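Listed below, chain by chain, are the residues.
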Amino acid sequence: MPLATSATSAIEYVLQLIALFGVAFSLFHAVRQRGDAFTAADKLSKQGWIAILVIALLVLLVVPVINFIGIIAVVAMGVYLVDVRPKVDDIQRGPRW
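Residues numbered from 1 in each chain as written. Predicted model: local features only at pLDDT ≥ 70, side-chain atom pairs only at ≥ 80, totals over all residues. Heavy atoms only, no water.

Chemist: Explain the packing of helix α3 (residues 46-62) against helix α4 (residues 68-93) here, please?
Modeler: Angle between the axes and distance between the axes: these two values describe a pair of packed helices. The interhelical angle for the contact between α3 and α4, taken along N-to-C directions, is 140 degrees, at an axis separation of 9 Å. Viewed along their axes, α3 and α4 adopt a mutual orientation that is oblique. For the pair α3 and α4, the crossing hand works out as left-handed. Facing α3, whose interface residues are W49, I52, L53, A56, V59 and L60, α4 presents I69, G70, A73, V74, A76, M77, V79, Y80 and V84. Here the contact of α3 with α4 is composed, by residue class, of 14 nonpolar, 1 polar and no charged. (Axes fitted to C-alpha atoms, helices over the stretch in contact; angles between N-to-C directions. Helix = DSSP H or I, 4+ residues; strand = E, 2+ residues; numbered from the N terminus. Parallel < 35°, antiparallel > 145°, perpendicular 65-115°, else oblique. Left-handed = near helix turned anticlockwise from the far one by under 90°. Contact = heavy atoms within 4.5 Å. Nonpolar A, V, L, I, M, F, W, Y, C, P; charged D, E, K, R; others polar.)

Below, the structure is given as structure tokens:
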């Protein structure tokens, strides 16, 4: 059984690192964007997303990703990466043709 426990711990550690990297990347991206791009994309303000992502980062530094609160932090990161980031990038990039 110790082998199974160490494998589970290794998987949890890898998931935690991936989640921390994702939240840090999301926060770095949000900080570098213009504030008006968020409102032009009809999304929450830049300060709102930065606050959400900072809280998510702090949660993931303290709580394991497999905990309920850790999952909420990962969902917040996912919403930013899948919904907000592409629209903010499109707004700032302008028309593609």
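There's plenty left to go through after this.
Chemist: I keep staring at the UniProt feature "transmembrane region" (unreviewed entry) in the chain and nothing clicks. Help me out?
Modeler: Cross-referencing UniProt, the feature "transmembrane region" (unreviewed entry) maps to residues 6-28 and 49-82 in the present numbering. Taken end to end, residues 6-28 has its terminal C-alpha atoms 33 Å apart, with 100% of it in helix and 0% in strand. The span residues 49-82 carries 85% helix and 0% strand; its end-to-end C-alpha distance comes to 13 Å. (UniProt positions renumbered as here; feature names shortened; annotations may be inferred.)

Chemist: Please clarify how the nonpolar core should be interpreted in this entry.
Modeler: For soluble globular proteins, the rule of thumb is that nonpolar side chains tend to be buried together. Judged by nonpolar contacts, A19, L20, V23, A56, V59, L60, V63, V65, A73 and M77 together constitute the single largest core of 10 residues. The set of elements that each furnish at least two residues to this core consists of α1 (2-32), α3 and α4. L27, F38, L53 and V88 belong to the second largest nonpolar core, which has 9 residues in total. (Core = buried A, V, L, I, M, F, W, Y, C linked by side-chain atoms within 4.5 Å. Buried < 20%, exposed > 50% of the residue type's maximum accessible area, 1.4 Å probe, protein only.)

Chemist: I keep staring at the confidence of the model for the chain and nothing clicks. Help me out?
Modeler: Detailed reading of the predicted model is not advised wherever pLDDT is low. Confidence in the prediction of the chain, expressed as mean pLDDT, is 90, and 93% of residues score 70 or more. By mean pLDDT, the top-scoring element of the chain is α3 (96), and the lowest-scoring one is α1 (89). (pLDDT = per-residue confidence, 0-100.)

Chemist: Looking at this structure, I do not really get the pattern of salt bridges. What am I missing?
Modeler: Side chains that carry opposite charge are capable of pairing whenever their charged atoms lie near each other. Here the structure, examined in full by the defined rule, presents 5 salt bridges. Here K43 ties to D83 by a salt bridge, and the two come within 2.9 Å at their closest N and O atoms. With a gap of 40 residues between them, K43 in the loop between α2 (35-40) and α3 and D83 in helix α4 connect regions that are remote in the sequence. With relative accessibility at 28%, the residue D83 sits in the partly exposed group. K87 is the salt-bridge partner of D83, the closest N and O atoms lying 3.3 Å from each other. Separated by 4 residues within a single helix, D83 and K87 lie in helix α4, roughly one turn from each other. Connected via shared salt-bridge partners are K43, D83 and K87. (Salt bridge = Lys/Arg side-chain N within 4 Å of Asp/Glu carboxyl O.)

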